[in-house]
Amino acid sequence: MKRREFIQLSATAGAAAMAPLTLTGCKARPLPGEGEVVQTPVLCNVCFWRCAGTVSVENGQPWKIEGNPDDLHSNGRFCTRGDAGLGMYTDPDRLKQPMLRVTENGRQRFKPVSWDEAFDYIAEKMNKIKEEHGQDRLCLFSHGSGGNFFRRTLRAFGSPAYTAPSYAQCRGPREVAFALTYGEGVGSPDRTDMENSRCIVLIGSHLGENLHNGQVQTWIEAVRKGATMITVDPRFSVAAGKSKHWLPIKPGTDIALMLAWMNVLINENLYDADYIARYASGFDELKAHVQPYTPEWAYGQTGIRPDVIRTTAREMAMAAPATLVHPGRHVTWYGDDTQRERAIAILTALLGAWGREGGYYEQENVSIPSFPLPDPPAPATNWRDEVQGDFPVAPSGISQKFIDASIGEDAYFKGWFVYSSNLGHTIPGVTEKLAQASQDLDLLVVVDTMPYGITGYADVILPECTYLERLDPMRNSPEREPSLAVSVPAFEPKYDSKPGWWIAKQIAERLDLGDWFPWDDYSEELDWQLRQVGSSFEEMRRIGVKKFPRQTPKYFAPGENRSFRTSSGKIELYSQMLADFGHDPLPVFTPPPSKPEGEFLHLNYGRAPAHTFGRTINNPQLFELMPENTVWIHPVAASTFQVSNGQYVRLKNQDGVESNAVRVRVTERIRPDSLFMAHGFGHNSADLSLANGRGADDQGLITRILVDPIAGSTGMRGNFVTLIPEEASA
Ligand SMILES: Nc1nc2c(c(=O)[nH]1)N[C@H]1C(S)=C(S)[C@@H](COP(=O)(O)OP(=O)(O)OC[C@H]3O[C@@H](n4cnc5c(=O)[nH]c(N)nc54)[C@H](O)[C@@H]3O)O[C@H]1N2
Ligand SMILES: Nc1nc2c(c(=O)[nH]1)N[C@H]1C(S)=C(S)[C@@H](COP(=O)(O)OP(=O)(O)OC[C@H]3O[C@@H](n4cnc5c(=O)[nH]c(N)nc54)[C@H](O)[C@@H]3O)O[C@H]1N2
Ligand code: SF4
Ligand SMILES: [Mo]
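Keep in mind that this is a model prediction, so the values were computed, not measured.

*Asks:* Talk me through the site of ligand 2; I want residue IDs and the actual numbers.
*Replies:* Inspection of the region around ligand 2 gives 28 residues, with His143, Ser421, Thr426, Asp448 and Arg615 positioned closest. At 3.3 Å from an oxygen atom of ligand 2 is found a main-chain nitrogen or oxygen belonging to Asn422. Notes on ligand 2: free accessible area 930 Å², of which the protein chains cover 97%. Of all the secondary-structure elements, those providing two or more residues to the shell around ligand 2 are α5 (165-182) and β14 (443-448). With three residues, α5 is the largest single contributor of residues to the shell around ligand 2. Taken together, the residues that form the shell around ligand 2 break down as 10 nonpolar, 12 polar and six charged.

*Asks:* Describe in detail the site of ligand 1, supporting the description with residues and values.
*Replies:* Ligand 1 sits among 32 residues. The nearest are Asp233, Gly252, Asp254, His611 and Arg717. With respect to ligand 1, the backbone of Gly204 contributes an N or O atom lying 3.4 Å from a nitrogen atom. Ala608 is positioned with one of its backbone polar atoms (N or O) 3.0 Å from a nitrogen atom of ligand 1. Classifying every residue of the shell around ligand 1 by side-chain character gives 14 nonpolar, 10 polar and eight charged. Each of two domains, domain 2 (187-357 + 562-580) and domain 3 (601-728), supplies a minimum of three residues to the shell around ligand 1.

*Asks:* Please set out the environment of Pro327 residue by residue, giving values where relevant.
*Replies:* The topology assignment puts Pro327 in the loop between β12 (323-325) and α12 (337-350). Classification of Pro327 by relative accessible area gives buried; the value is 1%. Linking Pro327 and Glu175, residues 152 residues apart in sequence, is a C-alpha distance of 9.5 Å. If we skip the residues at most four places from it in the chain, Pro327 touches Arg174, Phe178, Val186, Thr192, Glu341, Ile344 and Tyr360.

*Asks:* Tell me about the environment of Gln215, and name the residues and values.
*Replies:* With respect to the secondary-structure elements, Gln215 resides in helix α6 (residues 213-224). Sequence separation between Gln215 and Thr40 is 175 residues, and the spatial gap between their C-alpha atoms is 25 Å. Here Gln215 is in contact with Trp49, Asp190, Thr192, Met194, Leu207, Asn210 and His326, once residues within four sequence places are set aside.

About the thresholds
- Residues numbered from 1 in each chain as written.
- Chains lettered and ligands numbered in written order.
- Predicted model: local features only at pLDDT ≥ 70, side-chain atom pairs only at ≥ 80, totals over all residues.
- Heavy atoms only, no water.
- Near = heavy atom within 4 Å.
- Polar contact = N/O pair within 3.5 Å; in protein donor to acceptor, adjacent residues only side chain to side chain.
- Areas by Shrake-Rupley, 256 points an atom, 1.4 Å probe, with all protein chains shown as cover.
- Helix = DSSP H or I, 4+ residues; strand = E, 2+ residues; numbered from the N terminus.
- Nonpolar A, V, L, I, M, F, W, Y, C, P; charged D, E, K, R; others polar.
- Domains from an automatic or database assignment.
- Buried < 20%, exposed > 50% of the residue type's maximum accessible area, 1.4 Å probe, protein only.
- Contact = heavy atoms within 4.5 Å.

Interpretation in functional terms is not warranted from these geometric data alone.
This is the structure we're talking about:
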């Protein structure tokens with residue numbers, strides 16, 4: 001029998017039965033706000049931008065959430081998803097009590113247990129792993145600030161290995177490329193000075209659909225002030241609709257376009273020669289390198305006409321240094337992603353835009369001491385060497401390597417904590433591997449709020465309360481102005497759910513590591529920290545956000561000499577480090593995988609404004625706005641596949657994997673060779689009463705994974721699909 005069968009919660013012994021929904025007639029109600037209103041500061045957790053806002057509770061009932069006007073992430077306005085955050089709290093499908101995997105009559109089930117039973121089980125398994133394999137054989141997968149508490153427990157135990165999908169499935173190659181070039185990454189929030197840009201170049205980045213609140217607001221400010229917008233996207237995105245130039249590039253050929261732009265900037269002497277002479281190294285190598293990459297050559301690769309390439313390069317130069325070539329955020333596309341991001345970093349240097357108004361500004365956060373903690377045990381082995389030694393340049397944990405290192409009898413990792421990440425939907429090509437790892441691991445703990453797919457693999461499911469019911473870590477992100485922001489519970493936790501800090505502390509105490517959480521309530525730690533900078537928890541729970549004066553300038557001073565944190569102290573156009581590790585020291589164009597025989601479309605995915613990945617699909621308010629995704633195809637493709645607008649189809653990829661049924665949207669806003677769908681849909685689980693079976697999942701169709709040889713990230717865009725019309729279509 002399988003060690004761990006995949007279990008849906010609806011098959012749970014003793015799971016609370018769901019009451020049927022009843023509709024009541026309309027009664028006259030007082031207007032909102034007429035009752036007793038209590039307001040609490042919150043950090044929105046519907047996505048990772050962490051906007052600061054206020055929750056209003058009227059007569060003990062949820063009323064509304066809105067942005068805090070003092071907050072640079074929101075400027076007083078939440079996005080659609082943030083507004084709908086109450087749906088995360090009210091969702092009746094939430095996890096309600098701790099569950100333990102048990103075998104009864106030969107079948108595996110989840111059994112509701114007390115928190116004490118769950119903690120005892122976890123502590124016993126952790127100690128056994130320590131005894132048999134060593135203290136360093138557990139790891140944490142996590143997305144979001146609440147993961148920090150579990151990171152602390154595992155670090156204290158002697159297992160510091162940690163990974164987040166925001167590296168190898170998201171920003172990894174960007175951070176690596178900018179660090180190689182400038183000695184530091186772009187960071188989050190992205191240090192783009194768009195509100196002051198006179199020209200913005202978007203390569204993929206579909207701002208407006210990608211709804212990172214403060215960022216979209218600064219972009220719209222630039223549009224309002226008449227900045228020249230250049231959008232490079234195979235699809236006529238929302239951003240393309242606001243652009244002077246839309247370059248509908250052949251997917252996967254952006255490096256060719258950027259090499260041609262460099263060729264024009266250098267050969268027409270449009271680059272910032274003073275900036276390059278003062279700050280950069282490797283210009284001669286770069287100049288020689290880009291000579292063959294003329295706009296005429298790039299036309300053949302990208303489908304973008306040479307005159308358009310020249311015109312757009314000149315417009316960028318005209319607005320420089322207030323020209324922002326946006327670095328993108330989800331950049332794990334074709335496996336040459338570090339090189340594509342290097343091309344963006346190099347273009348930025350040629351335009352003299354790093355450290356300059358309208359380009360990339362210097363961020364600052366509040367200098368605040370860490371809470372004093374004991375020293376962690378010395379590691380017996382180096383997990384980086386053991387798990388991802390083939391990617392020495394990677395600064396963070398690579399999630400798919402963590403999974404690989406958990407498969408087999410001799411696997412390095414023996415236990416997982418998964419906090420707020422639905423790995424099966426997040427990491428491409430892991431369905432089989434997840435099943436294998438879950439056979440081989442000695443412990444698999446999932447901390448979640450909802451019964452998403454990952455819970456089906458767990459030994460123990462720990463229900464966290466939502467961000468509206470708990471104290472979360474303080475926000476101290478680098479920004480234009482330093483500021484601190486807190487999130488305080490607006491409601492008591494529903495059901496038997498608990499805050500992350502409490503769960504992590506209880507586990508630590510079971511392991512005799514209580515001195516890593518030396519307080520009764522997490523607010524005591526926050527209060528200690530806040531007092532170091534002249535504030536207090538009491539003050540912050542009243543005001544939510546506190547701004548601090550900047551200590552350093554936002555931009556380089558004219559003519560200022562400065563040293564960069566690269567090995568040469570210069571902006572490295574030519575990267576000696578890449579050369580030393582056997583990679584191309586200057587970006588080289590690698591053609592994307594070619595289309596298979598037969599009728600296939602590039603599988604292209606992105607964001608929809610109403611949802612955050614898969615985590616909001618079951619949110620009753622957001623579900624109502626967008627209950628399923630559609631696949632965008634061009635009329636030419638519609639005619640090839642003989643499908644019409646609104647018809648349901650199944651998608652089948654080059655390896656024969658099929659999706660759920662999904663509706664077609666026929667539109668000229670996409671290239672005839674490509675298809676586009678919003679990521680996050682296609683959950684097949686009866687535990688998710690709204691999301692179940694709605695729309696299709698792009699992740700399952702991503703079976704060809706193009707791993708970046710530098711960053712180790714998973715390129716997801718080398719896949720193709722064909723359309724199979726459904727017989728009975730709506
Ligand atoms: N509403 C909402 N907003 C979000 C999120 C969310 O879940 N929901 N998630 C946030 C997160 S974590 C991230 S990382 C960001 C991601 O958002 P972005 O960084 O903006 O993501 P991209 O992958 O660049 O954007 C997808 C766009 O790339 C285009 N594209 C596809 N292939 C190519 C190509 O070969 N070349 C070019 N030039 N373009 C191509 C697609 O047509 C699409 O318009 O969004 C953030 N914002
Ligand atoms: N195919 C494809 N894959 C992608 C992407 C893509 O566009 N297409 N995007 C990539 C990118 S850019 C990113 S950043 C990653 C995102 O990857 P993830 O963040 O892993 O994405 P989700 O699927 O949203 O994971 C959500 C899980 O977190 C749980 N959760 C939500 N709120 C809470 C909470 O408050 N506490 C706890 N404990 N759990 C909570 C949800 O219930 C759910 O199980 O995905 C990457 N993978
Ligand atoms: S961008 Fe929207 S969903 Fe994300 S934190 Fe801000 S308000 Fe919440
Ligand atoms: Mo992301």
